[in-house]
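Now for the letters of each chain:
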Amino acid sequence: MIFLARKTELLAYREKLSHYADMRITLDLDDGVKVNYGKFGDLLAEVKAVTGGTNDD
């Protein structure tokens, strides 16, 4: 049962990942982590989890 739930979760993530890969998003390192992470929607961890701050910083 757990295996099926994980497989379903991974397939959904794969679909999202493929969508963003097909978009060929360009990143500018001068924009910083928050801006570049924002370009990937909910595909990545929340910005504050990465930067240690809030989204408003």
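For the structure itself, look to the data block above.
In short, a report on the structure. (Residues numbered from 1 in each chain as written. Predicted model: local features only at pLDDT ≥ 70, side-chain atom pairs only at ≥ 80, totals over all residues. Heavy atoms only, no water.)

1. A few points about the side chain of asparagine 36
Moving on, step 1. Here asparagine 36 is to be found in helix H2 (residues 32-38).
Moving on, step 2. Here asparagine 36 falls in the buried class, since its relative accessible area comes to 9%.
Moving on, step 3. Those residues in contact with asparagine 36 that sit more than four places away from it in its chain are Leu27, Asp28, Leu29 and Asp31. (Helix = DSSP H or I, 4+ residues; strand = E, 2+ residues; numbered from the N terminus. Buried < 20%, exposed > 50% of the residue type's maximum accessible area, 1.4 Å probe, protein only. Contact = heavy atoms within 4.5 Å.)

2. Notes on a nonpolar patch on the surface
Moving on, step 1. Among the surface-exposed residues, Tyr13, Leu17 and Leu44 lie close enough to one another that they form a single nonpolar patch of about 250 Å² accessible area.
Moving on, step 2. Checked against the element boundaries, leucine 17 lands in helix H1 (residues 2-23).
Moving on, step 3. Here leucine 17 falls in the partly exposed class, since its relative accessible area comes to 42%. (Patch = residues over 30% accessible without salt bridge, like charges linked within 9 Å, V, L, I, M, F, W, Y side chains within 5 Å. Areas by Shrake-Rupley, 256 points an atom, 1.4 Å probe, with all protein chains shown as cover. Salt bridge = Lys/Arg side-chain N within 4 Å of Asp/Glu carboxyl O.)

3. Focus: the packing of aromatic side chains
Moving on, step 1. For the structure shown, the criterion picks out one aromatic pair.
Moving on, step 2. Considering the side-chain rings of tyrosine 20 and phenylalanine 40, the 6.2 Å spacing of their centres and the 45 degrees angle between planes classify their relative orientation as tilted. In this pair, tyrosine 20 is assigned in helix H1 and phenylalanine 40 in the loop between H2 and helix H3 (47-51), connecting sequence segments 20 residues apart. Take tyrosine 20 and phenylalanine 40: they sit in the same class, and that class is buried. (Phe/Tyr/Trp six-rings, centres within 6.5 Å; stacked < 30°, edge-to-face > 60°.)

4. Quick notes on the pattern of salt bridges
Moving on, step 1. Scanning the entire structure with this criterion turns up two salt bridges.
Moving on, step 2. Of the charged contacts, one joins lysine 16 and aspartate 42 as a salt bridge, the two residues approaching to 2.8 Å between their closest N and O atoms. With lysine 16 in helix H1 and aspartate 42 in the loop between H2 and H3, this residue pair connects regions lying 26 residues apart in the sequence.
Moving on, step 3. The class for lysine 16 is partly exposed, based on a relative accessible area of 35%.
Moving on, step 4. When the shortest N-O distance is used, the salt bridge between lysine 39 and aspartate 31 registers 3.8 Å.

Shape descriptors only; they carry no functional weight alone.
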